[in-house]
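A closer look at the structure
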Amino acid sequence: MEVDEPAPTSQQNGNPPSTSSAPPSIVICGGEENVMAPSSTVGSITVSLHPLVIMNISEHWTRTRAQNDGKQEQVIGAIIGQHKGRHLEIMNSFELVFQIVDDLIVIDRDYYRTKEEQFKQVFSEMDFLGWYTTGDIPTPSDIHVHKQITEIYESPVLLKLNPLVKNADLPIGVYESIIDIVNSETTMLFVQLPYVLATEEAERIGVDHVARMSAADNSETSLVAEHLLSQHSAIKMLHSRVKLILEYVKAAQRGDAPISHEALRHAYSLCHRLPALQPERFKNDFYQQCCDLTRNASAMRNYLTKHVKNDNLKQRHRKYHHDPQHRRLKILEMESNRKRYFLVMKFF
Amino acid sequence: MASGGNGTGTAGGDSQATIAQRTWELSNNIETISAVDEIYHYDRQQQQDILTTKPWERDPHFFKDIKISALALLKMVMHSRSGGTLEVMGLLLGKVDGNSMIVMDSFALPVEGTETRVNAQAQAYEYMTAYIEAAKQVGRMENAIGWYHSHPGYGCWLSGIDVSTQLLNQSYQEPFVAIVVDPTRTISAGKVCLGAFRTYPKGYKPPSEEVSEYQTIPLNKIEDFGVHCKQYYSLDVTYFKSSLDRRLLDSLWNKYWVNTLSSTSLLTNAEYTTGQIFDLSEKLEQSENSLGRSGIIIGSDPHEKKGEDKLAKATKDSCKTTIEVIHGLMTQIIKSRLFNDVSCQNNRSPASEAIDVVMENPS
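As a starting point, this report considers the structure included with it.

Conventions used here
Residues numbered from 1 in each chain as written. Chains lettered and ligands numbered in written order. Predicted model: local features only at pLDDT ≥ 70, side-chain atom pairs only at ≥ 80, totals over all residues. Heavy atoms only, no water. Helix = DSSP H or I, 4+ residues; strand = E, 2+ residues; numbered from the N terminus. Contact = heavy atoms within 4.5 Å. Axes fitted to C-alpha atoms, helices over the stretch in contact; angles between N-to-C directions. Parallel < 35°, antiparallel > 145°, perpendicular 65-115°, else oblique. Left-handed = near helix turned anticlockwise from the far one by under 90°. Nonpolar A, V, L, I, M, F, W, Y, C, P; charged D, E, K, R; others polar. Core = buried A, V, L, I, M, F, W, Y, C linked by side-chain atoms within 4.5 Å. Buried < 20%, exposed > 50% of the residue type's maximum accessible area, 1.4 Å probe, protein only. Salt bridge = Lys/Arg side-chain N within 4 Å of Asp/Glu carboxyl O.

Some thoughts on the side chain of Gln166(B)
Mapped onto the elements, Gln166(B) comes out in helix α5 (residues 160-172). Once residues lying within four places of it in the same chain are set aside, the contact partners of Gln166(B) are Trp147(B), Phe176(B), Val177(B), Ala178(B), Phe197(B) and Thr199(B).

Re the environment of Leu51(B)
Residue and element names in this part refer to chain B. With respect to the helices and strands, the residue Leu 51 is situated in helix α2 (residues 44-53). Note: C-alpha distance between Leu 51 and Pro 175 (124 residues apart in sequence) is 8.4 Å. Not counting the four nearest positions on each side in its chain, Leu 51 is found in contact with Trp 56, Glu 174 and Pro 175.

Let's talk about the packing of helix α2 (residues 109-122) of chain A against helix α4 (residues 125-136) of chain B
Remark: α2(A) packs on α4(B), axes separated minimally by 11 Å, with the N-to-C direction vectors making an angle of 135°. Considered as vectors, α2(A) and α4(B) are oriented oblique to each other. In this structure, α2(A) crosses over α4(B), and the sense of that crossing is left-handed. Across the interface between the two elements, Tyr111(A), Lys115(A), Gln118(A), Gln121(A) and Val122(A) from α2(A) touch Tyr127(B), Ala130(B), Tyr131(B), Ala134(B) and Ala135(B) from α4(B). Grouping the amino acids of the contact of α2(A) with α4(B) by side-chain chemistry returns 7 nonpolar, 2 polar and 1 charged.

Quick look at the nonpolar core
One finds Ile66(B), Ile68(B), Ile179(B) and Leu194(B) to be the most contacted residues of the largest nonpolar core, which totals 130 residues. For this core, the element with the highest residue contribution is helix α8 (residues 243-262) of chain B, accounting for 9 residues. Excluding its chain neighbours within four sequence positions, the residues that come into contact with Ile179(B) are Ile66(B), Ile68(B), Met76(B), Leu92(B), Trp147(B), Tyr148(B), His149(B), Leu194(B), Gly195(B) and Ala196(B). In terms of nonpolar packing, the next biggest core, distinct from the first, is built from 6 residues, Ala66(A), Tyr40(B), Ile102(B) and Met104(B) among them.

Considerations on the pattern of salt bridges
Pairing of side chains with opposite charge becomes possible as their charged atoms draw close. If you walk through the whole model with that rule in mind, you get 18 salt bridges over all chains. A salt bridge links Glu59(A) to Arg63(A), with the nearest nitrogen and oxygen atoms 3.2 Å apart. In this pair, Glu59(A) and Arg63(A) both sit in helix α1 (residues 51-67), 4 residues apart, roughly one turn of the helix. Judged by its relative accessible area of 1%, Glu59(A) is buried. Judged by relative accessible area, Arg63(A) falls into the buried class, the value being 1%. Connected via shared salt-bridge partners are Glu59(A), Arg63(A), Glu95(A), Lys75(B), Asp105(B), Arg140(B) and Glu142(B).

This is the structure we're talking about:
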């Protein structure tokens, strides 16, 4: 499932909020030459990123550091996934070997070819999409590597993860390259692309599990509590976001904050999208589904628990033995008539 | 327990939430590796020493627990899920530390039909060796420490074929562990369904009757499960992550909460739930038949006991399905409350009113 970042709160590497255009104006990185395209350039593709890739890169960096006795080193690797028209889905990644020749990074092509053969066998529907590295904003050295990658695949993307950043935002940037005329010569520049987090249900559960690390003593926490806790955390986030928007709007009303028409338009359309589903038919179907499920579920459970503990077990079974099909239905109906009243009251 | 300790409005609430999280983690012995992330360092000499002494040969119950890295878990889950209803398999890379096995990474193998033949891995030897060789060049120094495969929808346990494969592995590739993942149950239950097992050598009788957690097994697999379940034992599973992982996961939550709220497990699991109910009805028929029989033979206690046992198990199975369905329903009701029971037309919310005012006076 994919979701757009809410306008007032999206921040990527400290750039001003934006939803669809590449944000930064000229960025100077520590005296080095600037390699970012001017802010008016808009990216041509949309990107969705799976959390697995983020974990892969993180592990690559951590293990390289651990093997080198704590020294931090830049790591480089390839990203693979699927592309459909102008949309890229980055699903997985693997490491690449490189050598430093005359202060410049040279990618080992043979190693890449070996890995390409391997991943084609297991992930046949994925293609090579680009490369990743660690660091802050793109540098001329990245342009140099990017040019080499372009020889493998014509329009690669670059994914940069900054392992040293401490704030709460995801320190990831995705870039594509364009050729532009700078000082009357053709140079390659980077354009930042917006990305969303793609996900798959099993991945989400895995990430959730690892993030909250509830591996110890699973049997002691109730399943209901765990499920409700995760819902509660999500709702808390929703609440904080909504509060943020409300605060901004109130401040704009008072005159304390600058009015951004785009942000206000988004908030307005958000309010008018609620309630999400209104037609009468939905309400009826929804009630019906709730009743059906709760009735059948409770009936099933109660019938079985009650009758297992019953002393007249043998008798009851002899009685109903001759009527297997209708027996279960009858019991369910009995229970349902009793339960339906309570359930409807409880939930609505 | 506050996993949403970031992105909250007030600073006071933020630090309280993080304190609560830390206290909870401490009290639950969560493995937080130190800043140097020691576990990621591969000590070749230490590993070679362990391989020469082979302490597991003398004690079939030598390995007691297993630590799996966050990355390995995600990769296994993703790979299993991508197989759909087909079983997939892969290899685990890691090392040994005392009585624990440590799984650092995993990778998929291009093998099919893993539940139909013993040692399906043999087909992929070339791939395995090439992969491990290539991995060493990028700092992945660990060797193969086990294999994993998926049981989509029927639980985490070793089938007869799996036991034979694992016995073979434990004769020639020690130390080796077998991990089983169930991606379907992971999704339906909302929590990771994974088990790590080691087989006992042939003829070995485990000293004590281990009480293992009850699992729902579909009817067509119950016999396979029952025949072999005493031939192996499961290891305690814990997961670990690096300090960078932790920071990234916390940041990830800032965007991920939307997916948690918008997940619809009723829809995703509809097919699986239906399958479970069919299975349950068949089990009820079976237990009914065995109880019916006991009515004819008066005072035949073993049959009665078996029938009641079956019924008790069917009860547990139905409880599990019920709980999962109710959880799905809870999500739907929460969403309905949040997004449907708010009306913008009838009672104007303060936010939309404020926006109206501001839009009218752009100053």
